[in-house]
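# Coordinates in review
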Amino acid sequence: VAMDRSTLLRLSAIIFFTAALSSLIFQATTFALPKILDERLQSILGSATQLGWIAFLIFSISSLAQLVTGVSLDRFGPRKVFIVAALIQTIFFGLMPGLYGWPALIAAFCFMLGAFGQVPINDYLIGRMAKSEFRAQVYGARYVLSFSVMAISIPFIAWVHAHWGFDRLFVILAACAGAILLAVTLLPRR
C-alpha cells in the first residue's frame, strides 16, 4: 500500500520519537532493576543470591513478552499493540513510587513486561513502511538513535538516583511512557 508523503513523515517522526524514549526506558529499567529490587525488596529478600534470582526471573519471563508482541502485531496491528505496551508502562511506572515489598515486585514485573514487549514494535513498523532499497538505512539510523540514547541513559539514571532517588526516576519514566502513548495515538489506524 503506497503512503502519501505527509503520512510517511508522520510515521517516521513517531517511530524515531518512540524509539528514543523506549530506548531510555529499556536501558533505565534493565540497568537499574537489580538496584531497584535491592532497595525495594529488603522485607522479602534473604540474600544477594535471592535478589539475583528474582532479577533473572523478571528478565527472562518479561523477555517472552517480545514473542507475544510479535504474534499480536500480526494479529491486531501495531497501533493497538503499541498502545497496550505504552499503557502498561505508564500505569506501572506511575504506581511504583513509594512501593516496597510484594507490591513493588509486582509493579516491577509489569513494567518490565511492557518494556520488553515494546522492543519489536518499531522494527515491525520500519519493516512495513520503508521501501526495501532504503530499509537498511532506516534501521541503521534507528539503531544509532537508540544506542546513543542508551549510552546517555546510564549517567542520567545515576544522576537522578543520586539527587532524587528512584521515585523520581519512575515519575520520569512514566512521563516518557505517557509521551509514547500520546505519540502512538497519532499512528494511522491501518
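Our structure is the block above this text.
The rules we used
- Residues numbered from 1 in each chain as written.
- Predicted model: local features only at pLDDT ≥ 70, side-chain atom pairs only at ≥ 80, totals over all residues.
- Heavy atoms only, no water.
- Helix = DSSP H or I, 4+ residues; strand = E, 2+ residues; numbered from the N terminus.
- Rg over C-alpha atoms; globule rule 2.2 N^0.38 Å.
- Buried < 20%, exposed > 50% of the residue type's maximum accessible area, 1.4 Å probe, protein only.
- Contact = heavy atoms within 4.5 Å.
- Phe/Tyr/Trp six-rings, centres within 6.5 Å; stacked < 30°, edge-to-face > 60°.

What follows covers the overall build of the protein chain. If you tally the helices and strands in the protein chain, you get seven helices and zero strands. Tracing the protein chain from N to C terminus, the helices and strands come up as α-α-α-α-α-α-α. For 190 residues, the compact-globule formula gives about 16 Å, and the C-alpha radius of gyration of the protein chain, at 17 Å, lands near that figure. Each of the three principal axes of the protein chain carries a C-alpha extent, and together these read 55 × 35 × 25 Å. Within the span of the protein chain, comprising 190 residues, buried residues form 46% of the whole. Considering only residue pairs separated by 6 or more positions, the protein chain has 80% of its internal contacts joining residues 24 or more positions apart.

Under the definition given, this model contains nine aromatic pairs. Both rings, one in Phe-111 and one in Phe-170, keep their centres 6.0 Å apart while their planes meet at 45 degrees; by these two values the pair is tilted. Of this pair, Phe-111 sits in helix 5 (residues 101-129) while Phe-170 sits in helix 7 (residues 166-184), and the two are 59 residues apart along the sequence. Given a relative accessible area of 0%, Phe-111 falls into the buried group. With centroids separated by 6.0 Å and ring planes inclined at 20 degrees, the aromatic side chains of Tyr-143 and Phe-147 adopt a geometry described as stacked. Remark: Phe-147 and Tyr-143 occur in helix 6 (residues 132-164); sequence separation between them is four residues, near one turn of the helix. Judged by its relative accessible area of 52%, Phe-147 is exposed.

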